[in-house]
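Here are the chains, one letter per residue:
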Amino acid sequence: MPIQILQKAFAKAPFAKSKPPKRDFRIGIPRVLNQWSTHRFWTTLFVELGINRRSIVYSSDTSEVQQLKFGKGRGAVDCCYPVKCMSGHYGELLNGQKRPIDILFVPIILTVPSFLRGHVRENMACPRVIAGPESTRAGFRREKDVFKEMGVHYLSPAVSLADPQIATRQLYDALKGVITDLRMTELRAAVATAYDALQEFDQSLRRQSLAVLSECATQNRPCILALGRPYHMDTGIGHAIESELQAFGYPILWGQYLPLDAEILDWLYGDLIKAGRIQSPFDISDIWKTSHSANTNELLWAARYGSIMPWITCSIRFSSYECGMDQPTYSPVQEITEALGTLFFVFQDLDETKPAGSVRIRVETIAYYLEQKSPNIIQSKLEALKTAPPELLLPT
Ligand code: SF4
């Protein structure tokens, strides 16, 4: 998958044939947290509700400049780094626009759509993700209500996005306050189109990952799996470390967008299913019992995928400063990854500091190990799978 693909996706119109604009709002949406995996839903929803695509504005990637210029003195206390950064995004949308916004839209995403739904206990967002919008908002109302003063409507509905029926009702209750002529039938249709757009977007990224894997399989060369939260794709949160590795010639796959084609999953998980260890390729109950968090579930699932897939010879783990959710996953993810010899490296406690020199040394070390070890890793993982790769990966 080409690196930083999501940055470009934020700017794209969701659908070629979107409806002509009929409602004249300017909406700002902070490019934070689970927006990284769900933004296509929100853009499509508002376009379908008749808002001009150009009037839907996302803040930029997180950066030190953004934080200093727009978020200074408004930070939430006692939070992990990605939540702390939210104030810079709020500030940029409130104070950094040529044309001011009318609405600051920050959905409190309670549950996250996931391909593991039905195979895990729950699809919850992290509690700090849920609390993030309110704690950040508080920073802008400390001395005076900045939203009120600027005439910006702060709209932050709680949305169970993994459950379309509940989400539709929650969105209706929230949006009818600003779109006074909104009817349920109109919203229902817009929500359905938005879910389709999100699904199509995810599938297009999976197709790109498949093309990368297939190229690696055909040329018998390695690639790297990035294991992190969706917002580690933000260059200010994940520091684009994967780009530096890609510059050494190793393609990057993100765990959230691995190919899910049946032939590949049967090949990878057939033995585990036959042995009765798992019920299906999406079953993680043997490696992660407390499967309540959608992003954590996908992380564990991707770790196993990477540990079995022969051409993924290295997994890189990203984790942010003060992340409570990641703590219990460190050992299982490492054990799973290394079980069949896949290389494992960690960039932990990422915050606003990017120690360029030490990152460079570590990246060079990883590239060295990849060059030295990859041929044997590919060979031994192919042997462990016993059957030949599916044609989808390795056309004959
Ligand atoms: S998963 Fe970790 S980094 Fe992300 S919001 Fe939760 S505590 Fe913060």
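In this text the structure is predicted, and so the values were computed from the model without any measurement.

## Quick look at helix H11 (residues 262-274)
Residue pairs three or four apart in sequence face the same way in an α-helix, which turns once every 3.6 residues. Taking 1.5 Å per residue, 13 residues should reach 18 Å; H11 reaches only 16 Å between its end C-alpha atoms and comes up short. Bending of H11 peaks at approximately 50 degrees at the position of Leu268. Every buried residue of H11 is accounted for by Ile264, Leu265, Trp267, Leu268, Tyr269, Gly270 and Leu272. Contacts from the buried residues of H11 go to helix H9 (184-219), helix H12 (294-308) and helix H14 (356-385). In the stretch just after H11, Gly276 is the one whose phi turns positive, near 80 degrees.

## Brief notes about the site of the ligand
Residues in contact with the ligand, as listed here, are Cys80, Pro82, Cys126, Arg128, Val129, Arg229, Tyr231, Cys323, Gly324 and Met325. Broken down by class, the residue content of the shell around the ligand amounts to seven nonpolar, one polar and two charged.

## Thoughts on the packing of helix H5 (residues 86-95) against helix H6 (residues 127-139)
Contact geometry of H5 with H6 gives a least axis separation of 9 Å together with a crossing angle of 65 degrees. Considering only the axes of H5 and H6, their crossing is right-handed. Along its contact with H5, which presents Met86, Ser87 and Tyr90, the element H6 presents Gly132, Pro133, Thr136 and Arg137. When the residues that make up the contact of H5 with H6 are grouped by side-chain class, the tally is three nonpolar, three polar and one charged.

## Topic: the pattern of salt bridges
Inspection of the entire model under this criterion finds 18 salt bridges. Between Lys386 and Asp271 there is a salt bridge whose closest N-O contact spans 3.4 Å. Residue Lys386 is located in the segment after H14, and its partner Asp271 is located in helix H11; the two are separated by 115 residues in the primary sequence. Judged by relative accessible area, Asp271 falls into the partly exposed class, the value being 38%. Asp326 serves as the salt-bridge partner of Arg317, at 3.0 Å between the closest nitrogen and oxygen. Both residues of the pair, Arg317 and Asp326, count as buried.

## Re the side chain of Asn123
Relative to the helices and strands, Asn123 resides in the loop between strand E4 (108-111) and H6. Ignoring sequence-local partners within four residues, the contact set of Asn123 consists of Leu110, Thr111, Val112, Ser114, Arg117, Ala162, His292 and Ala294.

## Focus: the sheet that holds strand E5 (residues 153-155)
Sheet architecture is open: four strands sit in the order E2-E1-E3-E5, paired in parallel fashion. Here the strands that pair on one side only, and so sit at the sheet edges, are strand E2 (56-58) and E5. Strand after strand, the sheet turns through a mean of 25 degrees between neighbouring axes, direction not considered.

## Points about the packing of aromatic side chains
Taken as a whole and assessed by the stated rule, the structure comprises 18 aromatic pairs. Seen from their ring centres, Phe115 and Phe282 are 6.1 Å apart, and the 65 degrees between their planes marks the pair as edge-to-face. Here Phe282 lies in the loop between H11 and H12 and Phe115 lies in the loop between E4 and H6, a separation of 167 residues in the sequence. Exposure remark for Phe282: the relative accessible area of 17% places this residue in the buried category. Aromatic side chains Phe115 and Trp301 sit 4.9 Å apart centroid to centroid with 70 degrees between the ring planes, which places their arrangement in the edge-to-face category. With Phe115 in the loop between E4 and H6 and Trp301 in helix H12, this residue pair connects regions lying 186 residues apart in the sequence. Of the two residues examined, Phe115 and Trp301, each falls in the buried class. Taken together, the ring pairs in this structure connect Phe41, Trp42, Phe46, Phe105 and Tyr195 into an aromatic cluster. The aromatic ring of Phe115 is capped on one face by Arg206, whose charged end is 4.9 Å from the ring centroid. In this structure, Arg362 packs its charged tip against the face of Phe347, placed 4.1 Å from the ring centre.

## Focus on the sheet that holds strand E8 (residues 252-254)
Read across the sheet, four strands follow the order E8-E7-E9-E10 without closing on themselves; strand pairing throughout is parallel. Two strands lie at the open edges of the sheet, namely E8 and strand E10 (343-350), each paired on one side alone. Across this sheet, the average inter-strand angle for adjacent strands is 25 degrees, counted without regard to direction. Pairing of strand E7 (residues 223-227) with E8, which is carried by three bridges, proceeds in the parallel orientation. Across the sheet, Ile224 pairs through a bridge with Ile252, a residue of E8. Packing of H14 onto the sheet brings it into contact with E7, strand E9 (312-320) and E10, and relative to E10 it is tilted by some 145 degrees.

## Notes on the pairing of E9
Taken across its nine residues, E9 has nine buried, putting it largely inside the fold. For E7 and E9, the ladder comprises five bridges, and the chain directions are parallel. The residue bridging Leu227 from the neighbouring strand is Arg317, located in E9. Bridging between E9 and E10 involves six bridges; their strand directions are parallel. From the neighbouring strand, Arg317 faces E10, where its bridge partner is Val346. Handedness of the crossover joining E9 and E10 through helix H13 (residues 330-338): right-handed.

Reading the values: rules and limits
Residues numbered from 1 in each chain as written. Predicted model: local features only at pLDDT ≥ 70, side-chain atom pairs only at ≥ 80, totals over all residues. Heavy atoms only, no water. Helix = DSSP H or I, 4+ residues; strand = E, 2+ residues; numbered from the N terminus. Expected span 1.5 Å × (residues − 1). Bend = angle between axes of the 7 residues up to and from the residue. Buried < 20%, exposed > 50% of the residue type's maximum accessible area, 1.4 Å probe, protein only. Contact = heavy atoms within 4.5 Å. Near = heavy atom within 4 Å. Nonpolar A, V, L, I, M, F, W, Y, C, P; charged D, E, K, R; others polar. Axes fitted to C-alpha atoms, helices over the stretch in contact; angles between N-to-C directions. Left-handed = near helix turned anticlockwise from the far one by under 90°. Salt bridge = Lys/Arg side-chain N within 4 Å of Asp/Glu carboxyl O. Pairing = 2+ DSSP bridges. Phe/Tyr/Trp six-rings, centres within 6.5 Å; stacked < 30°, edge-to-face > 60°. Lys NZ or Arg CZ within 6 Å of the ring centre and 35° of its normal. Right-handed = clockwise from strand over helix to strand, strands pointing away.

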